[in-house]
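The residues making up each chain are set out below.
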Amino acid sequence: QVQLVESGGGLVQPGGSLRLSCAASGSISSIRDMAWFRQPPGKQRELVARITSGGNTNYADSVRGRFTISRDNAKNTEYLQMNSLKPEDTAVYFCNALILRSSWGSYREYWGQGTQVTVSS
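Now for a description of the structure that goes with this document. (Residues numbered from 1 in each chain as written. Predicted model: local features only at pLDDT ≥ 70, side-chain atom pairs only at ≥ 80, totals over all residues. Heavy atoms only, no water.)

### So, the overall build of the protein
Now for step 1: A tally of helices and strands in the protein yields 0 helices and 11 strands.
Now for step 2: Each helix and strand of the protein, placed in order from N terminus to C terminus, yields the pattern β-β-β-β-β-β-β-β-β-β-β.
Now for step 3: In terms of C-alpha radius of gyration, the protein reaches 14 Å, essentially the compact-globule figure of 14 Å for 121 residues.
Now for step 4: When the backbone C-alpha atoms are referred to their principal axes, the protein occupies close to 50 × 25 × 25 Å.
Now for step 5: Counting every position in the protein, which comprises 121 residues, the buried fraction comes to 43%.
Now for step 6: In the protein, of all internal contacts separated by at least 6 residues, the share reaching a separation of at least 24 is 55%.
Now for step 7: Accessible surface, the protein as shown: approximately 6,500 Å² in total, 44% of it carbon and sulfur.
Now for step 8: Where the 13 positive side-chain charges of the protein centre and where its 9 negative ones centre are 3 Å apart. (Helix = DSSP H or I, 4+ residues; strand = E, 2+ residues; numbered from the N terminus. Rg over C-alpha atoms; globule rule 2.2 N^0.38 Å. Buried < 20%, exposed > 50% of the residue type's maximum accessible area, 1.4 Å probe, protein only. Contact = heavy atoms within 4.5 Å. Areas by Shrake-Rupley, 256 points an atom, 1.4 Å probe, with all protein chains shown as cover. Lys, Arg positive; Asp, Glu negative; His and termini not counted. Charge placed at Lys NZ, Arg CZ, Asp CG, Glu CD.)

### Brief notes about the packing of aromatic side chains
Now for step 1: Under the criterion given, the structure shown has 1 aromatic pair.
Now for step 2: On the basis of an interplanar angle of 55° and a centroid distance of 4.8 Å, the ring pair of Phe 37 and Trp 111 is categorised as tilted. Here Phe 37, found in strand S4 (residues 30-39), pairs with Trp 111, found in strand S10 (residues 108-111); they are 74 residues apart in sequence, far enough to count as distant.
Now for step 3: Residue classification places Phe 37 among the buried residues on the basis of a relative accessible area of 17%. (Phe/Tyr/Trp six-rings, centres within 6.5 Å; stacked < 30°, edge-to-face > 60°.)

### What about unusual backbone geometry?
Now for step 1: Even without being a glycine, Asn 76 presents a positive backbone phi close to 50°.
Now for step 2: Checked against the element boundaries, Asn 76 lands in the loop between strand S7 (67-72) and strand S8 (77-82).
Now for step 3: We note that Ser 84 has phi near 50°; this positive angle belongs to a residue other than glycine.
Now for step 4: Along the chain, Ser 84 falls in the loop between S8 and strand S9 (91-100).

### Here we look at the state of the cysteines
Now for step 1: On inspection of all chains with the given rule, the structure shows 1 disulfide.
Now for step 2: Here Cys 22 engages in a disulfide with Cys 95; their sulfurs sit 2.0 Å apart. For the disulfide bridge between Cys 22 and Cys 95, the dihedral angle about the S-S bond is near 50°, and by the sign convention the bridge is right-handed. In this pair, Cys 22 is assigned in strand S3 (residues 18-26) and Cys 95 in strand S9, connecting sequence segments 73 residues apart. Each member of the pair, Cys 22 as well as Cys 95, is classed as buried. (Disulfide = S-S within 2.5 Å.)

### Some details on the environment of Arg 66
Now for step 1: On the secondary structure map, Arg 66 appears in the loop between strand S6 (57-59) and S7.
Now for step 2: According to the relative accessible area criterion, Arg 66 is buried, its value standing at 11%.
Now for step 3: Considering only alpha carbons, one finds Arg 66 and Ser 29, 37 residues apart in sequence, at a separation of 32 Å.
Now for step 4: Within the structure, the side chain of Arg 66 is placed 2.8 Å from the backbone oxygen of Ser 62, a separation counted as a polar contact. (Polar contact = N/O pair within 3.5 Å; in protein donor to acceptor, adjacent residues only side chain to side chain.)

In short, shape yes, function no, at least from these values alone.
Structure follows, in structure tokens:
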């Protein structure tokens, strides 16, 4: 089995910063794409940022220039550095990864449990 565990969420004032981490554990052969999603109250889950195994990134327009996604392949961990936070960034943030458990298997998506980020003065 594979698990993704997020950490780093919390309460921050507008303009502040937070760094989220997501560590993958279990039987892992390789990890392809890794991503962060978020779900604001009363809204649909949306893609925030994605990073490929080669390091290419994509960002939602709403966070581009403020958020940075990165990964540490040796630690099977992804990060989301969030700067200049706004109240509209308030949401539950979920990490996501496409993971291969064995060389003869197939890549499958896994999700973390979510971590709350609240931006409020």
